[in-house]
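# Structure assessment
Spelled out from the first residue to the last, the chains are:
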Amino acid sequence: MPAPSTIPSTAAPHRSPAPPGPAAPRPATGQFARALRRNLTAHGFLIGAVLCFAVFSWYPMIREFLLAFQKTESGRTTWVGLDNFRTVANDPAFWQAWGNTLLFTVLALVLGFAVPFVAALVINEFRHAQGYLRLLVYLPVMLPPVAAVLLFKYLYDPGYGLLNELFRFLGLPEQQWLQDPDLSMLAVVIASTWMNMGGATLIYLAALQSIPGELYEAAELDGAGLLRKIWHVTIPQTRLVLSLMLLMQVIATMQVFVEPFLLTGGAGPEGSTTTVVYLIYQYAFSFNNYGAAAALGLMLLVLLAGFSAAYVKLSRAEDE
Amino acid sequence: MSTRTLIAPARLARPRGRAAYRIVLGLVLVLFTLVFLGPLYWLASSGLKDAQEVIQTPPTLVPGTFTPENYTRAWEVMDLATLLLNTLYYAFGALAFQLVLDVAAAYSLSKLRPVLGKAVLGMMLATLMIPATVLVVPQYLTVLDVPIVERNLLDSPWAIWLPSVTNAFNIFLLKRFFDSIPKELLDAASMDGAGPLRILRSIVLPISRPILGVVSIFAVVGVWKDFLWPMLTLPDPTKQTLNVGIYSLSNGVPVNVLIAALTIASLPTLIVFLIFQRNIMSGLTAGGLKG
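Quick summary incoming for the structure in this document. Please read all numbers here as calculations on a predicted model, not as lab measurements. (Residues numbered from 1 in each chain as written. Chains lettered and ligands numbered in written order. Predicted model: local features only at pLDDT ≥ 70, side-chain atom pairs only at ≥ 80, totals over all residues.)

## Brief notes about the overall build of chain A
- When helices and strands are counted, chain A shows 13 helices and two strands.
- A compact globule built from 320 residues would reach a C-alpha radius of gyration of about 20 Å, whereas chain A, at 25 Å, exceeds it by more than 25%.
- Taking all 320 residues of chain A together, 44% fall into the buried category.
- Considering only intrachain contacts with a sequence separation of at least 6, the fraction spanning at least 24 residues in chain A is 69%. (Helix = DSSP H or I, 4+ residues; strand = E, 2+ residues; numbered from the N terminus. Rg over C-alpha atoms; globule rule 2.2 N^0.38 Å. Buried ≥ 20, exposed ≤ 12 C-beta atoms within 10 Å, placed from the backbone. Contact = placed C-beta atoms within 7 Å.)

Spelled out as structure tokens, the structure:
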């Protein structure tokens, strides 16, 4: 599933000035009591959310680190050093899962990054039916994932599926989309792109509409054609949004789970759609090996933390 | 729309340009309709076919048989009414918790500014850096045995509601909006003797309606579309969500009945989307994106 992201609005938020510092002279207890009361009220407003974060977010984060170095057998928990990491790295599925995840990410970037951008470019040129086209691309985003994914399972069916019917019509060879190890990942990516491209398309459209028209006019005076205008005006002007979306897509697609889980049962033919997150899921919920699941999770976390940090840096840059 | 785009308006004004524009527009309209509405048409129409026609090769574009009973059967066999009500219950419960707790927290962080507020905000935003799927395992273990209160929340709606509050992104959106409310406005109310709660209710919330709408949509859609978390924490079939319930029964029912069920399951969000499309799509690009 696509993950959270921020596209900061272009309007710079007005920051209210910092509260008066303690440097102001304080006439004894009256002010202190007021400050205390103000803080108690403020913390009262905060406490509900903080408790939820503490129990369901911060504590699990710490626990993830601990679990990775522990083993629990028949109710006894012991420290095992790097054993869990060794178990995971020696699993024959380990490299396959990373390879598949990388393949999915690359394919999803080629399709899931380029297709919405091109769609936005095309939609933005029209003076008619823009609303209808926007509505269409966003429609799949609103479907429950189970409906969207199982729908694709039928479209991909080698016998009665619509896709092979289309291939027959075009005179192309029929394919065993989800049963062929060479095609299964591509099939998953196509379904995933269809389901998720709406959000990215709308964000690109918003970015395209903020490009000053004079830039295109200037480029035309220099004799630039369509492709050169895209390359020299459109892309540089939307670079920040494009890079943010790219990072967000990498973070989201590296965590892919639902699409392969529902389309191919997770592993897929010859393990061709086993992803890292599916492997984590298997360790934890099929083999009850929480230590191995946490160890693998920690590896994914470290990798994605790099991308997340870059994302935060970039979105700060845009905020300014 | 008057914004200047890639193609010069002068070129479109010429007869040849106009013709080319019409052709491309027509082609794109057909292509997009086929790609995005086609599968949905196929879903709804296959739900009307009988058991034989639905798996026939080649498939029929217009149903030759007409068996609307599939829809009633799907409704009964898969107990869609229960699944739908469950999902509504979880989604709107999560919405209520987020609106109360996250709005209060964002208000406190933005306007009341307690000691350590910055640190708390930083720790909340730090959770955005942790991939959600990595946290699923320790979160699941936490739900099995919640610390301090020592309760098992499996199969309880709390397992959905409370973790949904840890939505740092929504808190961030709310806080950023609250930050933009002029301090003078609140100071004036404060001078008149209004307490923080009163100020929140009668000044901050009315101004913040647009962002509250965006946050609410994210909250409801988030629960509605979630799959892994409800699958793990709500194993009892009578308590499952639409997504999980249909998935777990998907192998036991005939294809045409399952397709009918998928059509029914798609309808609520599609209808809500068609009604609120303007708010949803503008909120998405104005405030940020969460899909």
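Continuing now.
## Concerning the overall build of chain B
- Per the secondary structure count, chain B includes 15 helices and zero strands.
- Here the C-alpha radius of gyration of chain B, 25 Å, is well above what a compact globule of 291 residues would show, namely 19 Å.
- Residues classed as buried in chain B amount to 43% of the 291 residues present.
- Of all intrachain contacts in chain B linking residues separated by at least 6 positions in sequence, the fraction that spans at least 24 positions is 72%.

## Remarks on the interface of chain B and chain A
- On the chain A side, the residues contacting the 90 residues of chain B number 96 residues.
- In terms of residues, the side of chain B that touches chain A owes the most to one element, helix H15 (residues 255-287) of chain B, which gives 13 residues.
- In terms of residue class, the side of chain B that touches chain A is made up of 61 nonpolar, 21 polar and eight charged. (Nonpolar A, V, L, I, M, F, W, Y, C, P; charged D, E, K, R; others polar.)

## Examining helix H8 (residues 158-165) of chain B
- The buried fraction of H8(B) is high, at seven of eight residues.
- Those residues of H8(B) not exposed but buried are B:Ala159, B:Ile160, B:Trp161, B:Leu162, B:Pro163, B:Ser164 and B:Val165.

## Points about helix H7 (residues 184-209) of chain A
All names here are of chain A.
- The end-to-end C-alpha distance of H7 is 37 Å, a good match for the 38 Å that 26 residues give at a rise of 1.5 Å each.
- Its maximal kink placed at Asn196, H7 deviates by approximately 50 degrees.
- Of all the 26 residues making up H7, 24 are buried; the element is thus mostly covered by neighbouring parts of the structure. (Expected span 1.5 Å × (residues − 1). Bend = angle between axes of the 7 residues up to and from the residue.)

## Some points on the environment of B:Glu53
All names here are of chain B.
- Along the polypeptide, Glu53 turns up in helix H3 (residues 51-54).
- Take Glu53: there are 18 C-beta atoms within 10 Å of it, and that puts it in the partly exposed class.
- Sequence separation between Glu53 and Gly64 is eleven residues, and the spatial gap between their C-alpha atoms is 7.6 Å.
- Aside from chain neighbours lying at most four places away, what touches Glu53 is Thr60, Pro63, Gly64 and Thr65.

## Structural notes on the nonpolar core
- One finds A:Ala49, A:Ile280, A:Leu296, B:Ala261 and B:Leu262 to be the most contacted residues of the largest nonpolar core, which totals 165 residues.
- The leading source of residues in this core is H7(A), at 17 residues.
- Domain assignment of the residues forming this core places at least three in each of domain 1 (9-70) and domain 2 (78-249) of chain B. (Core = buried A, V, L, I, M, F, W, Y, C linked by C-beta atoms within 7 Å. Domains from an automatic or database assignment.)

## Observations regarding the packing of helix H3 (residues 92-125) of chain A against helix H10 (residues 239-253) of chain A
Residues and elements named next belong to chain A.
- H10 packs onto H3 with a crossing angle of 140 degrees between their chain directions and a minimal axis gap of 10 Å. Classed by the angle they form, the pair H3 and H10 counts as oblique. Between H3 and H10 lies a crossing whose hand is right-handed. Of the residues in H10, those touching H3 at Phe104, Thr105, Ala108, Leu109, Gly112 and Phe113 are Leu246, Gln249, Val250 and Thr253.
- Partitioning the contact of H3 with H10 into residue classes produces six nonpolar, four polar and no charged. (Axes fitted to C-alpha atoms, helices over the stretch in contact; angles between N-to-C directions. Parallel < 35°, antiparallel > 145°, perpendicular 65-115°, else oblique. Left-handed = near helix turned anticlockwise from the far one by under 90°.)

## So, unusual backbone geometry
- With a phi angle near 70 degrees, B:Leu116 is a residue other than glycine that sits in the positive phi range.
- Locating B:Leu116 in the fold gives a position in the loop between helix H5 (80-112) and helix H6 (117-126).

Treat this as a map of the structure, not an account of what it does.
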